[in-house]
Amino acid sequence: MPAIRGSASVKKTRRHTRDLDQIHSDINVPKHLEKFVATKAREELPGFGQFYCTPCAKWFESDLNFGKHEKGKPHRRRVKLLQEEPYSQKEAEAAAGLTTDNGVVDKMGKTVEVEMQEEEEEKEEDDTVK
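Residues numbered from 1 in each chain as written. Predicted model: local features only at pLDDT ≥ 70, side-chain atom pairs only at ≥ 80, totals over all residues. Heavy atoms only, no water.

*Asks:* Explanation requested: the overall build of the protein in the structure shown.
*Replies:* In terms of regular secondary structure, the protein is built from seven helices and two strands. Secondary structure elements of the protein, listed N to C terminal, follow the sequence α-α-α-β-β-α-α-α-α. The buried share of the protein, taken over its 130 residues, is 20%. Taking as baseline every contact in the protein between residues at least 6 positions apart, the subset at least 24 positions apart corresponds to 28%. If you sum the accessible surface of the protein, you get close to 11200 Å²; carbon and sulfur atoms cover 53% of it. (Helix = DSSP H or I, 4+ residues; strand = E, 2+ residues; numbered from the N terminus. Buried < 20%, exposed > 50% of the residue type's maximum accessible area, 1.4 Å probe, protein only. Contact = heavy atoms within 4.5 Å. Areas by Shrake-Rupley, 256 points an atom, 1.4 Å probe, with all protein chains shown as cover.)

Shown next, in the form of structure tokens:
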């Protein structure tokens, strides 16, 4: 049955693997991986789900195939990508300028809130000196 957007989208969907942030949480939190594996029926998986490569999120028929996969370039590339720490939501919002502590910027480019705090500190210093 052809896909709505054409036959090319079916191929892309079939090749889609788990995203890097999902795999990163699989590695760091074992419950996350157990939850994912529990969604799959063991009888339908290659090799009854015995041989699973966590970085690539793939199942293999035998130990020999799994061993060959671990020596391959795609697996090594994926492991290298997973060595980087994934971006958090906080970092993404900061990069987009969506932080909550932006303050109001005046014509000089300084935030108004910071200037008010500086003036208050100066007044307090003057009061303590007197």
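*Asks:* What should I look at first to understand the packing of helix H4 (residues 63-71) against helix H5 (residues 73-83) in this one?
*Replies:* The axes of two packed helices give the description: the angle between them and the distance between them. Following both chains from N to C, one finds H4 and H5 inclined at 60°, their axes separated by 5 Å at the closest point. The angle between H4 and H5 falls in the class oblique. Two secondary-structure elements touch here, H4 through His69, Glu70 and Lys71 and H5 through Lys73, His75 and Arg76. For the contact of H4 with H5, the per-class residue count stands at no nonpolar, two polar and four charged. (Axes fitted to C-alpha atoms, helices over the stretch in contact; angles between N-to-C directions. Parallel < 35°, antiparallel > 145°, perpendicular 65-115°, else oblique. Nonpolar A, V, L, I, M, F, W, Y, C, P; charged D, E, K, R; others polar.)

*Asks:* It is not clear to me how unusual backbone geometry should be interpreted in this structure. Could you clarify?
*Replies:* With the exception of glycine, the majority of residues adopt a negative phi angle, and the majority of peptide bonds are in the trans configuration. Notably, Phe48 is not glycine yet its phi reads approximately 55°, a positive angle. Checked against the element boundaries, Phe48 lands in the loop between helix H3 (30-38) and strand S1 (51-53). Given a relative accessible area of 56%, Phe48 falls into the exposed group. Backbone geometry at Ala57 places phi at a positive 55°, although glycine is not the residue there. Its place among the elements puts Ala57 in the loop between S1 and strand S2 (58-60).

*Asks:* Would you take a moment to explain the UniProt feature "domain: C2H2-type" (unreviewed entry) in the protein for this structure?
*Replies:* According to UniProt, the feature "domain: C2H2-type" (unreviewed entry) maps to residues 53-75 in the numbering used here. Between the end C-alpha atoms of residues 53-75 the distance is 9 Å, and the span holds 52% helix and 17% strand. (UniProt positions renumbered as here; feature names shortened; annotations may be inferred.)

*Asks:* Any chance you could explain the side chain of His69 here in plain terms?
*Replies:* Here His69 lies in helix H4. For His69, a relative accessible area of 14% corresponds to the buried category. In contact with His69, not counting residues within four places along its chain, are Cys53, Cys56, Phe60 and His75.

*Asks:* What is the right way to read the pattern of salt bridges from this model?
*Replies:* Proximity of charged atoms lets side chains of opposite charge pair with each other. With the rule as written, the count across this model stands at one salt bridge. Between Asp26 and Arg18 there is a salt bridge whose closest N-O contact spans 3.2 Å. Judged by relative accessible area, which is 3%, Asp26 ranks as buried. Owing to a relative accessible area of 13%, Arg18 belongs among the buried residues under this scheme. (Salt bridge = Lys/Arg side-chain N within 4 Å of Asp/Glu carboxyl O.)

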